[in-house]
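Letter by letter, the chains look like this.
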Amino acid sequence: MSSPNRDKDGNPLIQRYTKNDRSNHWVTAICFVLLAVSGLAMFHPATSWLAVFLGGGQWTRILHPFIGLVMFVSFALLVVRFWHHNHIDAADKQWLRQMDDVLNNREDKLPKIGMYNAGQKLLFFVLIASMCGLLLSGIVIWRAYFAFYFPIEVVRFAALLHAFSAFVLICSIIVHIYAAFWVKGSIGAMVRGTVTYGWARKHHPRWFEEVVRKSQD
Ligand code: HEM
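- An unreviewed UniProt entry lists the protein under the name Formate dehydrogenase subunit gamma, from Duganella sacchari.
- The record held by UniProt for the protein lists under Cofactor (unreviewed entry) the comment "heme".
- Its UniProt record, at the heading Sequence similarities (unreviewed entry), says of the protein: "Belongs to the formate dehydrogenase gamma subunit family."

## As for the coordination of the iron atom of the ligand
Alright, step 1. Taken together, the protein donors to the iron atom of the ligand comprise His 25 (NE2) and His 176 (NE2), at separations of 2.0 Å.
Alright, step 2. If you look at the iron atom of the ligand, its six donor atoms make angles of 84 to 180° with each other, and the shape they trace is octahedral. Placement of His 25 in helix H1 (residues 19–43) and of His 176 in helix H6 (residues 152–182) is noted, with a sequence separation of 151 residues between them.
Alright, step 3. Using a relative accessible area of 34% as the deciding quantity, one classes His 176 as partly exposed.

## Considerations on the pattern of salt bridges
Close approach of charged atoms allows side chains of opposite charge to pair.
Alright, step 1. Taken as a whole and judged by the stated rule, the model has seven salt bridges.
Alright, step 2. The salt bridge partner of Asp 92 is Lys 121, with a shortest N-O separation of 2.7 Å. Here Lys 121 lies in helix H5 (residues 118–140) and Asp 92 lies in helix H3 (residues 90–97), a separation of 29 residues in the sequence.
Alright, step 3. Ionic pairing is found between Lys 112 and Glu 209, a salt bridge with its closest N-O pair at 2.6 Å. You can see Lys 112 sitting in the loop between helix H4 (99–103) and H5 and its partner Glu 209 sitting in helix H9 (residues 205–216), a full 97 residues away along the chain.
Alright, step 4. Judged by its relative accessible area of 45%, Lys 112 falls in the partly exposed class.
Alright, step 5. When salt bridges that share partners are traced, they join Asp 100, Asp 101 and Arg 106 into one network.

## Considerations on the packing of aromatic side chains
Alright, step 1. Scanning the model with the defined rule gives 13 aromatic pairs in all.
Alright, step 2. Here Phe 82 and Tyr 116 contribute two aromatic rings whose centre-to-centre distance is 6.3 Å and whose plane-to-plane angle is 70°, an arrangement assigned as edge-to-face. Of this pair, Phe 82 sits in helix H2 (residues 57–82) while Tyr 116 is found in the loop between H4 and H5, placing the two residues 34 residues apart along the sequence. This pair shows no difference in class: Phe 82 is buried, exactly as Tyr 116 is.

## Re H9
Alright, step 1. The end-to-end C-alpha separation of H9 is 17 Å, in line with the 16 Å expected for twelve residues at 1.5 Å each.
Alright, step 2. Of all the residues in H9, the buried ones are Pro 205, Trp 207 and Phe 208. All buried residues of H9 fall inside an arc of 160° around its axis, so they share one side.
Alright, step 3. For H9, the secondary structure elements touched by its buried residues are strand S1 (13–15), strand S2 (194–196) and helix H8 (197–203).

## Considering the UniProt feature "transmembrane region" (unreviewed entry) in the protein
Alright, step 1. Mapped onto the present numbering, the UniProt feature "transmembrane region" (unreviewed entry) falls at residues 26–43, 63–83, 122–145 and 157–183.
Alright, step 2. Overall, residues 122–145 shows 79% helix and 0% strand. The separation of its end C-alpha atoms is 34 Å.
Alright, step 3. Within residues 157–183, the helical portion is 96% and the strand portion 0%, while the C-alpha atoms at the span's ends are 39 Å from each other.

## What to know about the state of the cysteines
Alright, step 1. Counting across every chain of the model gives zero disulfides.
Alright, step 2. Cys 132 provides the cysteine sulfur closest to Cys 31, a residue in no disulfide bond, and the two sulfurs are 16 Å apart.
Alright, step 3. In this structure Cys 171 is not part of a disulfide, and its nearest cysteine sulfur, from Cys 132, lies 18 Å away.

Reading the values: rules and limits
- Residues numbered from 1 in each chain as written.
- Predicted model: local features only at pLDDT ≥ 70, side-chain atom pairs only at ≥ 80, totals over all residues.
- Heavy atoms only, no water.
- UniProt positions renumbered as here; feature names shortened; annotations may be inferred.
- Donors = N, O, S within 2.8 Å, 3.2 Å for Na, K, Ca; no water.
- Tetrahedral: all angles 85-135°; square planar, octahedral: opposite > 155°, others 65-115°.
- Helix = DSSP H or I, 4+ residues; strand = E, 2+ residues; numbered from the N terminus.
- Buried < 20%, exposed > 50% of the residue type's maximum accessible area, 1.4 Å probe, protein only.
- Salt bridge = Lys/Arg side-chain N within 4 Å of Asp/Glu carboxyl O.
- Phe/Tyr/Trp six-rings, centres within 6.5 Å; stacked < 30°, edge-to-face > 60°.
- Expected span 1.5 Å × (residues − 1).
- Arc of directions from axis to C-beta.
- Contact = heavy atoms within 4.5 Å.
- Disulfide = S-S within 2.5 Å.

Here's what the structure looks like:
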């Protein structure tokens, strides 16, 4: 059996995420899947069959907003955890200007990337904006508890904002998942918490140097 700091071939591994980071991330992700499925079930007759995953139409309608609250709280904790890694700096702006090198895997030509690249950081802020849009509009359209406090025009506008924010969130998460599979080894980081030295040096060289420097202090 391999030790937690070595892979099965005995190569050393670097810790990228703690158990708490990973549990927090996967609770958010599971809520997201349940919400996307139940939200689409309520959105259009063509996708209403998806209600089967939450026990039918009534349960879908009851559970969706509560799961939404759980996702918001879980995501808010994730934001607190990762906020300090997502500040946009001069190297990030340069990275965005060199999109051609990014898309053609010419990583050696790019400025040294820290914990996250500029694409991940921008996505982080799009996720925050869409989550806030979903929470605010979701409260206004929650018929059982809040919708009757608001004029019908406000409820109608909130329903539009809710659908728009959900669309942005779903598209962003599709990009997020695509990138997670595209950069081989990333999924392992969020599942096992560790990455190889090679992965860290290739995709996040500035972060790699910081980790190595700290381990030598
Ligand atoms: C459903 C499938 C999902 C998969 C397969 C997935 C995969 C991953 C992976 C592999 C990473 C690590 C990237 C790295 O270390 O470079 C990551 C980070 C992250 N994920 Fe996900 N994720 C999913 C859903 C979500 C959802 C629904 C959210 C929030 C709405 C989310 C928010 C984040 C955040 C905030 C980070 C840290 C990146 C940053 O702070 O910029 N993920 N994810």
